[in-house]
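Tertiary structure, described
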Amino acid sequence: LRDPAMLTDVLFPQLEVLGSGVVTGTYNSQDMLLHLQADLSAVSYAGVDMDSLSLEVLSDARHMRSAFRVASIENDVIRLTDLRFSAIAEVDSITMSLQSADGKGASQMSIAGSWTVVPDGIRFRFRPDGGVFQDTVWHVPPDNYLLFRSDGIIAHNVALRGGAQSVSVNTPDTHLPSA
């Protein structure tokens, strides 16, 4: 990119820094295969600084897989290191995982679940192993979900338990849709 004015002035006006990097990709229209890979040294956007970004997208006619990794991401309030996001998108669902580790490789945070389009909205379901927060594994019942509807959010059996702590969210709606 020789003249970044199009990026900074028109598409991303809050882009402050776009470090050097390499973007490669291939597309085979006959087989409907896409492979995109991008590696950037740094990006600063709207007060958020990111260091050493990597993105890979693989897609075929059935699904799309993506993986995003950043060495650190921070602003004035929070700093996350070794942040990794991966997802698989299919016709009506996305399975995803978000993880962060400290400088020594210990997991600070991990959340995984799936988004699914259902007749009355979009449903998010945590994986039963829930996630990891501050080196504690949090579990959640397998029938948990958050249903995002046009008239609000329904929480069903979202009961995260980790060590001696727990967080539970349930809506008192007696007309819960079928899971």
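Our structure's up above, just so we're on the same page.
First things first, this report covers the structure right here in the doc. For clarity, every value in this text was computed on a predicted model and none was experimentally measured. (Residues numbered from 1 in each chain as written. Predicted model: local features only at pLDDT ≥ 70, side-chain atom pairs only at ≥ 80, totals over all residues. Heavy atoms only, no water.)

**Details of the overall build of the protein**
Counting its regular elements, the protein contains one helix and 14 strands. Evaluated residue by residue, the protein yields a buried proportion of 27% over its 179 residues. Within the protein, residue pairs in contact and separated by at least 24 positions form 25% of the contacts whose partners lie at least 6 positions apart. Summed over its atoms, the accessible surface of the protein is roughly 11600 Å², and 58% of this surface lies on carbon and sulfur atoms. Between the averaged position of the 12 positive side-chain charges in the protein and that of its 21 negative side-chain charges there is a distance of 7 Å. (Helix = DSSP H or I, 4+ residues; strand = E, 2+ residues; numbered from the N terminus. Buried < 20%, exposed > 50% of the residue type's maximum accessible area, 1.4 Å probe, protein only. Contact = heavy atoms within 4.5 Å. Areas by Shrake-Rupley, 256 points an atom, 1.4 Å probe, with all protein chains shown as cover. Lys, Arg positive; Asp, Glu negative; His and termini not counted. Charge placed at Lys NZ, Arg CZ, Asp CG, Glu CD.)

**Some thoughts on a nonpolar patch on the surface**
On the surface, I94, W115, V117, I122, F148 and I153 cluster together into a nonpolar patch covering about 510 Å² of accessible area. Locating I94 in the fold gives a position in strand β7 (residues 93–101). (Patch = residues over 30% accessible without salt bridge, like charges linked within 9 Å, V, L, I, M, F, W, Y side chains within 5 Å. Salt bridge = Lys/Arg side-chain N within 4 Å of Asp/Glu carboxyl O.)

**Some remarks on the pattern of salt bridges**
Under the definition given, this model contains five salt bridges. The partner of D82 in a salt bridge is R69, and the shortest N-O contact between them spans 2.8 Å. Here D82, found in strand β6 (residues 79–89), pairs with R69, found in strand β5 (residues 64–74); they are 13 residues apart in sequence, far enough to count as distant. What makes D82 buried here is its relative accessible area of 16%. By relative accessible area, which is 42% here, R69 ends up partly exposed. Of the charged contacts in the structure, one is a salt bridge between D129 and R127, with a shortest N-O distance of 3.1 Å.

**Focus on unusual backbone geometry**
Positioned with a positive phi, A46 is a non-glycine residue whose angle comes to about 50°. Relative to the helices and strands, A46 is located in the loop between β3 (33–45) and β4 (48–59). Despite not being glycine, N157 shows a phi value in the positive range, around 55°. Locating N157 in the fold gives a position in the loop between β12 (152–156) and β13 (158–162). The exposure class assigned to N157 is partly exposed, which follows from its relative accessible area of 23%.

**What about the environment of I122?**
Within the secondary structure layout, I122 lies in strand β9 (residues 121–133). With a relative accessible area of 41%, I122 lands in the partly exposed category. Taking the C-alpha atoms as reference points, I122 and I153, 31 residues apart in sequence, are found 9.7 Å from one another. Here I122 is in contact with W115, T116, L146, L147 and F148, once residues within four sequence places are set aside.

**A short note on the side chain of S66**
Considering the arrangement of structural elements, one finds S66 in strand β5. With a relative accessible area of 19%, S66 lands in the buried category.

**Some details on the pairing of β5**
Pairing analysis gives 10 bridges linking β4 to β5, with the strands arranged antiparallel. When the bridges of β5 are listed, D51 appears paired with S72. Joining the antiparallel neighbours β4 and β5 is a turn of four residues. Relative to β6, β5 is paired through 10 bridges, and the arrangement is antiparallel. Among the inter-strand pairings, R65 is bridged to a residue of β6, identified as I88. The loop that links β5 with its antiparallel partner β6 comprises four residues. (Pairing = 2+ DSSP bridges.)

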